[in-house]
Amino acid sequence: MKQFVFSNLMVVMKKYSKDPRQSYQFYMTNLFNSLGCNSINYEGSFLPTNTSSRIMTRAYDVPKDIREIVNDYSNEQIDKLLKTYINQYMNVNRLESLIGELRNFIMQASNLTDGEKEYLCSKTAAVMLRESLICAIRIDNRLKLDYKVWNNGTNSIKVVSGDIIALSFNKKECIKEKIVVIPFDSEFHLHISGAGATKPEVSKTTLHGQWLTRMEKEGFTIEEIKRMINESMIIRDDIGSISKLKYKSVVFYLVGLSKFDENNMAHSDKDCISKCVTNILNEYNRTGQGVQLYLPLMGTGRSRVGLSNEEAIDLLIEECKKNKEKIQGTVNILVYTKDLENIMKVEHEL
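Computed from a prediction, not measured in an experiment: that's the story for all the values here. (Residues numbered from 1 in each chain as written. Predicted model: local features only at pLDDT ≥ 70, side-chain atom pairs only at ≥ 80, totals over all residues. Heavy atoms only, no water.)

Undergrad: I would appreciate a short explanation of the nonpolar core in the present structure.
TA: Here is a general trend for soluble globular proteins: nonpolar side chains tend to be buried in one another's company. Phe4, Phe6, Leu31 and Leu102 are the most contacted members of the largest nonpolar core, which totals 43 residues. At the level of secondary structure, the elements contributing two or more residues to this core comprise α1 (6-14), α2 (24-34), α3 (49-56), α4 (64-72), α5 (75-89), α6 (95-108), α7 (114-121) and α8 (125-138). The residues touching Phe6, leaving out its near neighbours within four places in the chain, are Met28, Leu31, Phe32, Ile55, Val62, Leu133, Ala136, Ile137 and Asn141. Ile242, Ile280, Leu293 and Ile313 belong to the second largest nonpolar core, which has 39 residues in total. (Core = buried A, V, L, I, M, F, W, Y, C linked by side-chain atoms within 4.5 Å. Buried < 20%, exposed > 50% of the residue type's maximum accessible area, 1.4 Å probe, protein only. Helix = DSSP H or I, 4+ residues; strand = E, 2+ residues; numbered from the N terminus. Contact = heavy atoms within 4.5 Å.)

Undergrad: Is there a simple way to explain the side chain of Asn332 in this structure?
TA: Tracing the chain through its elements places Asn332 in strand β11 (residues 330-336). Setting aside residues no more than four positions away along its own chain, Asn332 makes contact with Lys158, Val160, Gln292, Leu293, Tyr294 and Leu295.

Undergrad: Even after reading the chapter, I still don't get the packing of aromatic side chains, so can you show me in this structure?
TA: Aromatic ring pairs are reported here in terms of the distance separating the ring centres and the angle at which the planes meet. Under the counting rule described, the total for this entry stands at twelve aromatic pairs. Where Phe6 meets Phe32, the ring centres are 5.8 Å apart and the plane angle is 25°; that geometry is what we call stacked. Separated by 26 residues along the polypeptide, Phe6 in helix α1 and Phe32 in helix α2 bring together distant segments of the chain. Here the aromatic rings of Phe26 and Tyr89 are separated by 5.8 Å at their centres, their planes lie at 80°, and the arrangement is edge-to-face. Here the residue Phe26 occupies a position in helix α2, and Tyr89 occupies one in helix α5, the gap between them amounting to 63 residues. A relative accessible area of 17% places Phe26 in the buried class. Here Tyr89 falls in the buried class, since its relative accessible area comes to 12%. (Phe/Tyr/Trp six-rings, centres within 6.5 Å; stacked < 30°, edge-to-face > 60°.)

Undergrad: Just checking my understanding: could you explain the pairing of β11 for this structure?
TA: Looking along a regular strand, one sees the side chains alternate between the two faces of the sheet. With six of seven residues buried, β11 is to be regarded as a mostly interior element. Pairing of strand β2 (residues 155-162) with β11 involves seven bridges; the strand directions are parallel. Opposite Val160, over in β11, you have Leu334 as the bridge partner. When strand β10 (residues 293-296) meets β11, the two strands line up parallel, connected through four bridges. Paired with Leu295 across the two strands is Ile333, which belongs to β11. (Pairing = 2+ DSSP bridges.)

Undergrad: Help me out: how do you make sense of the environment of Asp261 in this one?
TA: Mapped onto the fold, Asp261 is located in the loop between β8 (250-260) and β9 (266-267). Given a relative accessible area of 22%, Asp261 falls into the partly exposed group. For the pair Asp261 and Val92, spaced 169 residues apart in sequence, the C-alpha to C-alpha distance is 65 Å.

Undergrad: I'm lost on unusual backbone geometry in this one. Help?
TA: Backbone phi values are negative for most residues with the exception of glycine, while trans is the configuration of most peptide bonds. Although it is not a glycine, Phe188 sits at a positive phi angle of roughly 55°. Although it is not a glycine, Gln289 adopts a positive phi angle of roughly 55°. Its location among the elements puts Gln289 in the loop between α12 (270-287) and β10.

Undergrad: How do you make sense of α1 when you look at a structure like this?
TA: Residues separated by three or four positions in an α-helix point in the same direction, a consequence of the helix having 3.6 residues per turn. For α1, a buried count of eight out of nine residues is recorded, marking the element as mostly surrounded by other parts of the structure. Inspection of α1 places Phe6, Ser7, Asn8, Leu9, Met10, Val12, Met13 and Lys14 among the buried residues, and these make up the whole buried set.

Undergrad: Honestly, the pairing of strand β7 (residues 242-247) in this entry has me stumped. Any pointers?
TA: With two bridges connecting them, strand β6 (residues 233-235) and β7 associate as antiparallel partners. Each residue of the ladder has a partner; that of Ile235, found in β7, is Ile242. Counting the residues in the hairpin turn of β6 and β7 gives six residues, including Asp238, whose phi is positive at 55°. As paired elements, β7 and β8 share six bridges and run antiparallel to each other.

Undergrad: Where do I start with the environment of Tyr24 in this structure?
TA: In this structure, Tyr24 sits in helix α2. Owing to a relative accessible area of 28%, Tyr24 belongs among the partly exposed residues under this scheme. Distance in space between the C-alpha atoms of Tyr24 and Lys14 is 7.6 Å, their sequence separation being ten residues. Ignoring anything within four residues of it in the chain, the contact list for Tyr24 reads Met10, Val11, Lys14 and Met56.

Undergrad: I keep staring at the pattern of salt bridges and nothing clicks. Help me out?
TA: When the charged atoms of two side chains with opposite charge come close together, those side chains can pair. All chains considered together, the criterion is met by 17 salt bridges. Between Asp140 and Lys144 there is a salt bridge, and its shortest N-O distance comes to 3.2 Å. You can call Asp140 partly exposed: its relative accessible area is 22%. Residue Lys246 pairs with Glu177 through a salt bridge whose shortest N-O separation is 4.0 Å. Here Glu177 lies in the loop between α9 (164-169) and β3 (178-185) and Lys246 lies in strand β7, a separation of 69 residues in the sequence. Taking the relative accessible area as the measure of exposure, Glu177 reaches 43% and is therefore partly exposed. (Salt bridge = Lys/Arg side-chain N within 4 Å of Asp/Glu carboxyl O.)

Next up, the structure:
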């Protein structure tokens, strides 16, 4: 189900414009101009190409100045400005079809409440178009996940989006205390191999490799990292081993998820993921103190479990719910932001 956001509304509206072959940059620029926004940094007479494209791919939010306009203007003012835009750029002979598709879009939107859907769809055509535009501009356009799948009082399981490495190391992100899970192999290899190695060890593109790279950037040598991991090992259990070490405000659970074969190819399966989640939540229950825990997707990459992102989300939800009595705080199942475009959000009932 699509979300009701500005970029998706533009897709619907552009189909009923006078010239649907024109770019989103063209229609977005003229819409913003029609609403009286003159403070956006234009490229010539248009929005910069990268700005309009990133709004449409939901990497960017709607410009703040546009949001301020719809918040400050009266309905009468917006109606007048919108009428000018419609007459100049929309195919007025197809407005009835536009309203029909807009109504279907609203009713199917996954991020609107039943009350919001009823409110928008009960309006006359002109008012529905105005209120839909205002609603879409006020909603954060950026692609992200943040929803609960289980809660009991202050304890919960959530699915969120973000960058777990940025969350762990960036100055603004790592101020708040948190627990972050990083999947390793069961022997905790530390050598990052490039392409073409006969027996490659850690890939720099995995979370394992990215974590090692950032720790070295923070000034730690591989020997120091090895010593820290060995000294911080709290569970030695082959698959499911955990080394718990703290850096600044972040406590890392380095978890042995996969096992290398004779050619140093990592292998894991759903049972391995289940064992890791159980061990993680046992430790979280014992020492977590209610601090938020961030759990990345497992089984989607080089561990060769072969899960899709959606399957990995569902598996982690299932495993966390099996261990819900051990959750004393919030467990965040974290989906990498750049993977969101390939994910159809699955709705989960509490």
